[in-house]
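# Coordinate inspection notes
Residue-level listing of the chains:
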Amino acid sequence: MIYKMRKIVAGICILVGFVVVLALLLQGHTIDVLQPAGIVADKQKHLIIIATLLAIIVVIPVYALTIGVAWKYRASNKKARYTPDWDHDKLIEGVWWGIPIILIGILSVITWQSSHELDPFRAIKSDKPTQKIQVVALQWKWLFIYPEEKIATVNFVHIPVDRPVDFEITADAPMNSFWIPQLGGQIYAMSGMTTHLHLQASKAGTYQGSSANISGEGFADMRFTTEAESEGDFQEWIEDAKTSKDVLDTTAYKTLAAPSRNNNKTTYVLADEKLFDTVIMKFMGHEPDAQRSFESHLHRQVMQ
């Protein structure tokens, strides 16, 4: 009886959760992962919907039967008929074992295909050049480096619409996680290593980004904005950023990397083009070429 009551309580909690989410949506609140603005996020949204619908096929009947059985066979119901041989009914056992097995098989195929299709290391095919942006997770702020344009920003990033973006990510702080929900899934930022996240915005707008991994007392404020704009506006912003009076050299970086909270959005002219590699090498005893080889080996191991 206690086990059944726990399942009933769990079912009620899930139902309340659905009601709360529905109420928020009706009041105009949005859930970022369900409001995709990029080709990767759009595919991930469909995965969420498909997985949820398949799960509902099992979840709803189970909770409905749990509540129904608990109510019918309650102690006060003297009319309930005792039928101990139900657990040997081949038809019933075939249903409650067969349907989940079929659903798990379907989910396995979907998971296999989507894991390769949405591999964050996999470049997005396009006839347009990929924009490269290097990302460094700091305490508690985000540094974005545009190595080809020789500029850098703190807590905000600009990207062109309808053009692939290769975010090359590392950390000069505790392990973190880079996430722009409306553009795609999160990926970890780790000291001494690099990860890649390929995204592409399909429409202009301002999208919120954040840390998805607790990294200390300033974690909650570790947010940034992503400005997706037309190619013309993006190039205009690049030229304007190059006129910044703030210069990011080794000395300025050491000051920036010190733990701090609620940092203002700042634009820098990049004085050290090797800054990103320098950040990685401080944790590694290898040359840059060896580091690249290590990344390729790690990626092959993950894909296997």
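So, here is what we can say about the structure in this document. (Residues numbered from 1 in each chain as written. Predicted model: local features only at pLDDT ≥ 70, side-chain atom pairs only at ≥ 80, totals over all residues. Heavy atoms only, no water.)

Looking now at a nonpolar patch on the surface. A contiguous nonpolar patch, built from Ile57, Leu91, Val95 and Ile99 and spanning about 370 Å² of accessible area, is present on the exposed surface. Among the elements that line the nonpolar patch, the one with the most residues is helix α3 (residues 90-117), at three residues. Here leucine 91 lies in helix α3. (Patch = residues over 30% accessible without salt bridge, like charges linked within 9 Å, V, L, I, M, F, W, Y side chains within 5 Å. Areas by Shrake-Rupley, 256 points an atom, 1.4 Å probe, with all protein chains shown as cover. Salt bridge = Lys/Arg side-chain N within 4 Å of Asp/Glu carboxyl O. Helix = DSSP H or I, 4+ residues; strand = E, 2+ residues; numbered from the N terminus.)

This brings us to the pattern of salt bridges. Two side chains of opposite charge can pair, provided their charged atoms sit close to one another. One pass over the full model with this rule turns up seven salt bridges. One salt bridge in this structure joins glutamate 273 and lysine 150, with 3.7 Å as the shortest N-O distance. On the criterion of sequence distance, the pair formed by glutamate 273 in the loop between β12 (266-270) and α6 (275-281) and lysine 150 in the loop between β2 (141-146) and β3 (151-154) is long-range, its members being 123 residues apart. The partner of lysine 242 in a salt bridge is glutamate 239, and the shortest N-O contact between them spans 3.7 Å. We classify glutamate 239 as partly exposed; its relative accessible area is 46%. (Buried < 20%, exposed > 50% of the residue type's maximum accessible area, 1.4 Å probe, protein only.)

Turning to helix α4 (residues 231-241), a few remarks are in order. Here α4 has its buried residues at Phe234, Trp237, Ile238 and Ala241. Considered in projection along α4, the buried side chains sweep an arc of 105 degrees and stay on one side of the axis. Of the residues in α4, the exposed ones pointing more than 90 degrees away from the buried face are Glu236 and Asp240. Structurally, α4 contributes buried residues whose contacts are with β1 (131-138), β2, β3, β4 (156-160), β10 (223-229) and β12. (Arc of directions from axis to C-beta. Contact = heavy atoms within 4.5 Å.)

Where burial is concerned, the two faces of β3 agree: the one with Ile151 and Thr153 and the one with Ala152 and Val154 are both buried. One ladder, built from four bridges, connects β2 with β3; its direction is antiparallel. Residue pairing in the sheet places phenylalanine 144 in a bridge with threonine 153 of β3. Here β2 folds back onto β3, and the loop between the two strands holds four residues, one of which, lysine 150, carries a positive phi near 60 degrees. (Pairing = 2+ DSSP bridges.)

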